[in-house]
Amino acid sequence: MDRIKVEGTQKDHQVLLYALSTCGWCKMTKAFLKDKSIEYEYVDVDKLNSEDRDLVNKDIKKRGGRLAFPTTIIDDKTLITGFKKDDISKALGL
Amino acid sequence: MIKLENVKRRAEMDAKTHGYFLTPDPDFLQNLLEGLKENEERYGYPSCPCRLASGNFEWDRDIICPCDYRDPDVEEFGMCYCALYVRKDVADGAKPIEPIPERRPQAKIDRASGKPPEKKIPPDITGAAKDTNRKFFYCKVCGYVTFREEPPHICPICRAKQEFFEEIVLDTKIKVR
Ligand code: SF4
């Protein structure tokens, strides 16, 4: 499954975003990260085949989340469901 | 090709019918309408832009916009899951737009992720009443009947206010002769 990388000057944290290409909150999250110049990777899950979708579902569940978009995973440990700006900022030390 | 204009008109009309408003932020609105258009083009029906659809109509039925969760969500949180449809106080900016919890049952979400779930989903998952607290209500002004958790904000037929709705309590006995 390909992750799309968005360059940014802030590379202190590893940020992975599970998103949908159509979702308003996901677009807001992407814009927020870009605005803060955070480097991140994302996967548009609606564009994946069913095997990969299943992997995403399992990955999110394994980390204690549920399949909802956007799901932001910071440094492979903090999982944030939804565009919760404050939680994302906190995890990124902003 | 689906026209964005038509997607927009449909949403506007639906909001009007039910006494809701569309999200006040123009960029956010544009994104959601484009999402709906995209989904209608690829699946053949406008499934929710903020949820993962399976592409299987039966499995996606409950998330075709306006989804089954819109009315209780607007009632409880002032906006639907995507924040496309909002209540007046949100449209006026008195209450901010913010993410709300997902009301869709987990079993349905899992099904959309593609592979058949490990445990078999009981067949009554698509049953109308079983997984909700929906009840019947009727409009005392025009007689319109609806089946949902709370009476509608306004009557979509005669525009009477919520106070004019009364719950219908059904007491049925089925006899087999
Ligand atoms: S959450 Fe809102 S936009 Fe999404 S399907 Fe329901 S009513 Fe439509």
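Residues numbered from 1 in each chain as written. Chains lettered and ligands numbered in written order. Predicted model: local features only at pLDDT ≥ 70, side-chain atom pairs only at ≥ 80, totals over all residues. Heavy atoms only, no water.

Q: An account of empty space enclosed by the protein is requested, with residue identities and associated values reported.
A: All told, the structure shown has three cavities of 30 Å³ or more when counted by the stated rule. The space that makes up the largest cavity amounts to roughly 90 Å³. In terms of lining, the largest cavity is formed by 13 residues, of which the most central are B:Cys48, B:Cys65, B:Cys67, B:Cys80 and B:Cys82. By residue class, the composition of the lining of the largest cavity is 11 nonpolar, no polar and two charged. Counted as a void, the second largest cavity has a volume near 70 Å³. As for the second largest cavity, its lining consists of A:Leu67, A:Ala68, A:Phe69, B:Cys50, B:Arg51, B:Leu52, B:Tyr81, B:Glu102, B:Arg104, B:Ile109 and B:Ala112. Classifying every residue of the lining of the second largest cavity by side-chain character gives eight nonpolar, no polar and three charged. (1 Å grid on protein atoms, 1.4 Å probe; cavity = no way out; pocket = protein on both sides within 12 Å on 5 of 7 lines; lining within 4 Å. Points joined across faces, edges and corners; volume = space filled by probe spheres on them. Nonpolar A, V, L, I, M, F, W, Y, C, P; charged D, E, K, R; others polar.)

Q: Mind laying out the interface of chain B and chain A, listing which residues take part and the relevant values?
A: Contacts between chain B and chain A engage 30 residues on the former and 22 residues on the latter. For the interface between chain B and chain A, the tally reads two salt bridges. Where B:Asp110 meets A:Lys61, a salt bridge forms, and the shortest distance between an N and an O atom there is 2.9 Å. Counting every contact that joins chain B to chain A gives eight residue pairs in polar contact (both at pLDDT 80 or more). Breaking the side of chain B that touches chain A down by element, the ones donating at least two residues are helix 2 (26-43) and helix 6 (106-112) of chain B. Considering each element in turn, the side of chain B that touches chain A owes the most residues, eight residues, to helix 2 of chain B. Along the lines of polarity and charge, the residues of the side of chain B that touches chain A split into 14 nonpolar, seven polar and nine charged. (Contact = heavy atoms within 4.5 Å. Salt bridge = Lys/Arg side-chain N within 4 Å of Asp/Glu carboxyl O. Polar contact = N/O pair within 3.5 Å; in protein donor to acceptor, adjacent residues only side chain to side chain. Helix = DSSP H or I, 4+ residues; strand = E, 2+ residues; numbered from the N terminus.)

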